[in-house]
Protein chains: 2
Amino acid sequence: MLPYFRQRRVAKRGYLVRPGEVCRYESFVIKGCLRSFIMDEGEHEHVLQLAVEEAWVSDFNSYLNGTPAQFYIEAVESSVLLQVERPDLEALYRQVPALERYFRLLHQNLYLKLSQRIVDNLSLSARERYVKFMQQAPGVAARFPQKHLASYLGMTPVALSLIRKGLKEE
Amino acid sequence: MLPYFRQRRVAKRGYLVRPGEVCRYESFVIKGCLRSFIMDEGEHEHVLQLAVEEAWVSDFNSYLNGTPAQFYIEAVESSVLLQVERPDLEALYRQVPALERYFRLLHQNLYLKLSQRIVDNLSLSARERYVKFMQQAPGVAARFPQKHLASYLGMTPVALSLIRKGLKEE
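Residues numbered from 1 in each chain as written. Chains lettered and ligands numbered in written order. Predicted model: local features only at pLDDT ≥ 70, side-chain atom pairs only at ≥ 80, totals over all residues. Heavy atoms only, no water.

**Some remarks on the packing of aromatic side chains**
If you walk through the whole model with that rule in mind, you get 18 aromatic pairs over all chains. In this structure an aromatic cluster arises from ring pairing among Phe28, Trp56, Tyr93, Tyr102 and Phe103 of chain A. Lying across the ring of Phe37 of chain A, Arg35 of chain A places its NZ or CZ 3.9 Å from the centre. A cation sits over an aromatic face here: Arg117 of chain B above Tyr152 of chain B, 3.8 Å from the ring centre. (Phe/Tyr/Trp six-rings, centres within 6.5 Å; stacked < 30°, edge-to-face > 60°. Lys NZ or Arg CZ within 6 Å of the ring centre and 35° of its normal.)

Below, the structure written as structure tokens:
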């Protein structure tokens, strides 16, 4: 499979993808961490994904349809990625049935996580969302600035800071 | 494949799944339409999915993990479904590679739609979201009460009504 993949390094604070570019690759994180976000018309960032080792990152719509990306994908630490282009990955699905299974499960889990996140945003308090995140992904929070984690969890940095302080004091 | 599937009818306003039950089946809509929603602590409904013919519906977390469902799935019209249990679907993946591909693409598309919906909620106006929905799924809106569509699109029924009136007058 390796001939189909290429290695890419992105320096800290460098961008893997920016809006308007076409995101030609699915990228697997070997080392480092990245975040994807969109910028709304008021220039506010909204973090969609916090990715660490063994996650896949892309602007998925752009990757699938060849349309201009909507997301920024920024390396929060200096990162190393393995990248595959869509035609190559489609060819690999045909050659390696286990890979088709792997991506079926990957997309199933991504879909599950995303729908759970929507449900949590509607039904849990900010504090409950933070506690749940820390249980499910204990190692992730420490690698991202507080403001990125707050945005991902749908709260302000001040709210996150107060929640953390409250939990420490209990 | 058919021996693995069973047919189920749900009367109009009947429930396929309710919170606390285990959602044992993935259900394919042959006829009718359904919506899934959650109820928040303030007893407000939030519509997550509007499903018509050829859509799959389930409380996906409950189906995958055997945990109690969080969603209501209600038949908005009298509906006919084909249901498959998880162990049977897993067995079918092994016997029918085309099915594994079908579900990889299905979950890929569900993930894409859901992430696009989050991005749209953050970056488009209510009016833009409505116009986009009507372009992408022109036949769906007419089958659901206005309040369900409004909730799905993340706006109040009054806002939706004003948008529709404004578009008609243009």
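**Focus: the side chain of Asp59 of chain A**
Residue and element names in this part refer to chain A. Inspection of the secondary structure puts Asp59 in the loop between β6 (56-57) and α1 (60-65). A polar contact is formed between the side chain of Asp59 and the backbone nitrogen of Ser62, at a distance of 3.1 Å. With residues up to four places along the chain from it excluded, the contact list for Asp59 reads Cys23, Ala69, Gln70, Phe71 and Ile73. (Helix = DSSP H or I, 4+ residues; strand = E, 2+ residues; numbered from the N terminus. Polar contact = N/O pair within 3.5 Å; in protein donor to acceptor, adjacent residues only side chain to side chain. Contact = heavy atoms within 4.5 Å.)

**Points about the pattern of salt bridges**
Residue and element names in this part refer to chain B. According to the stated counting rule, one finds 24 salt bridges over all chains in the structure shown. A salt bridge links Arg143 to Glu77; the shortest N-O distance between them is 2.9 Å. With Arg143 in the loop between α4 (126-136) and α5 (146-152) and Glu77 in the loop between β7 (72-75) and β8 (79-85), this pair connects stretches of sequence that are 66 residues apart. Arg143 gets classed as partly exposed once you look at its relative accessible area, which sits at 24%. (Salt bridge = Lys/Arg side-chain N within 4 Å of Asp/Glu carboxyl O. Buried < 20%, exposed > 50% of the residue type's maximum accessible area, 1.4 Å probe, protein only.)

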